[in-house]
Amino acid sequence: MNMKKRCLILVLLSVFLGLAGFAEEQKPLRRSIYMEFWGPSNLYGIAYDAGIKPGSKFGYRVGFSYLCGPEFEYCRPRRGKQVFGIPLEANCLLGKRRSKFEAGIGANLGIYTQKGSYWKYIYNADAGAIQRVERATVSRTHFGYYLFTNIGYRYQRVSGFLFRVGISPSFHFGGRHGIRKTPFIYPYVGFGYTFK
């Protein structure tokens, strides 16, 4: 084989490998934004979810969540708790088509505000009775966390509608900042959009 043929083969091989590499880089990066109800988002939240690189089954999510406790009246803090959280998760999607099995593990880091109220009483000697004087409110704000896992189903296209549903067991390692969720397992459902 003469030198011209070798050079031509080398150039064609280089072009082919370059195009193959370019095609590999052009695989879409999985990116989406969605609303989530329950699960790691407590009551509801919004999250950004993405793959770690184009074509990878591994990814992550970062979000913002909110919860107002059952003793809040229309989510106005009178008694109970209010939580602003940041769910962080590493996840994996298994499946080659639009329907995928999703699994993830993460932590929800939050600011917890607990409020309560009580009545102050005094003894009125003239009336010979105890009288209610005023209502006092106490509030305590602290940092808290819990760890969670996600196990569920995800419908995700390359671009367009996204749907998620599953269960999310939660736990913590103790300490004064660990938050115990009751019940231990929460369902979750999410709706969103995947974009390129």
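Below is a summary of the structure that appears in this document. (Residues numbered from 1 in each chain as written. Predicted model: local features only at pLDDT ≥ 70, side-chain atom pairs only at ≥ 80, totals over all residues. Heavy atoms only, no water.)

1. Regarding the overall build of the protein
Defined as follows: To qualify as a helix, a DSSP run of H or I must reach at least 4 residues; to qualify as a strand, a run of E must reach at least 2; elements of each kind are numbered from the N terminus. Relative accessibility under 20% of the residue-type maximum defines a buried residue, over 50% an exposed one, and the middle range a partly exposed one, all with a 1.4 Å probe and only protein chains included. In this description, contact between two residues means that some pair of their heavy atoms is separated by no more than 4.5 Å. Surface exposure here means Shrake-Rupley accessible area, sampled with a 1.4 Å probe, where a residue is shielded only by the protein chains that are shown.
Helix and strand content of the protein: 1 helix and 8 strands. Walking the protein from its N terminus toward its C terminus, one meets helices and strands in the order α-β-β-β-β-β-β-β-β. Burial statistics for the protein: of 196 residues in total, 35% are counted as buried. Across the protein, contacts joining residues at least 24 apart in sequence account for 56% of those joining residues at least 6 apart. For the protein, the accessible area works out to roughly 12,600 Å², and carbon and sulfur atoms hold 65% of it.

2. So, the layout of surface pockets
Operational definition: Think of a 1 Å grid over the protein atoms and nothing else: a 1.4 Å probe that fits but is trapped marks a cavity, an open set flanked by protein within 12 Å on at least five of seven lines marks a pocket, and residues with an atom within 4 Å of a point count as lining. Grid points are joined across faces, edges and corners, and a volume is the space filled by probe spheres set on the points. For this scheme, ten residues count as nonpolar: Ala, Val, Leu, Ile, Met, Phe, Trp, Tyr, Cys and Pro. Four count as charged, namely Asp, Glu, Lys and Arg, and the remainder, Gly too, count as polar.
Approximately 510 Å³ is the volume found for the largest pocket. Pro28, Arg30, Gly55, Lys100 and Val158 are the residues nearest the centre of the largest pocket, which is lined by 20 residues in total. Looking at the lining of the largest pocket residue by residue, the classes come out as 4 nonpolar, 6 polar and 10 charged.

3. Some remarks on the packing of aromatic side chains
Rules: Pairing of aromatic rings covers Phe, Tyr and the six-membered ring of Trp, with a centre-to-centre limit of 6.5 Å; geometry is then stacked below 30 degrees between planes, edge-to-face above 60, and tilted otherwise.
Counted under the stated rule, the structure contains 8 aromatic pairs. Between phenylalanine 171 and phenylalanine 173, the ring centres sit 6.1 Å apart and the planes meet at 75 degrees, which makes this aromatic pair edge-to-face. Judged by its relative accessible area of 32%, phenylalanine 171 falls in the partly exposed class. Of the aromatic side chains, those joined through ring pairs into one cluster are Tyr44, Phe64, Tyr66 and Phe84.

4. Re the pattern of salt bridges
Note the following rule: We define a salt bridge as a contact between a side-chain nitrogen of Lys or Arg and a carboxyl oxygen of Asp or Glu at a distance within 4 Å.
This model, assessed by the stated rule, comprises 7 salt bridges. In this structure, arginine 154 and aspartate 49 form a salt bridge, with 3.4 Å as the shortest nitrogen-oxygen distance. Residue arginine 154 is located in strand β6 (residues 129-156), and its partner aspartate 49 is located in strand β2 (residues 44-51); the two are separated by 105 residues in the primary sequence. Across the pair, exposure class does not vary: arginine 154 and aspartate 49 are buried alike. Between glutamate 102 and arginine 164 there is a salt bridge, with the nearest N and O atoms lying 3.0 Å from each other. Here glutamate 102 is found in strand β5 (residues 99-124), whereas its partner arginine 164 is found in strand β7 (residues 160-171), with 62 residues between them in sequence. Here glutamate 102 falls in the buried class, since its relative accessible area comes to 3%.

5. A look at the pairing of strand β8 (residues 185-195)
What counts here: Being paired, for any two strands, means DSSP has found at least two bridges between them.
Bridge analysis of strand β1 (residues 31-38) against β8 gives 8 bridges, and the strand direction is antiparallel. Bridging from a neighbouring strand, tryptophan 38 pairs with tyrosine 188 of β8. In this sheet, β8 lies alongside β7 in antiparallel orientation, the contact comprising 10 bridges. Bridge assignment links glycine 160 to a residue of β8, and that residue is threonine 194.

All we've got here are geometric facts, nothing functional implied.
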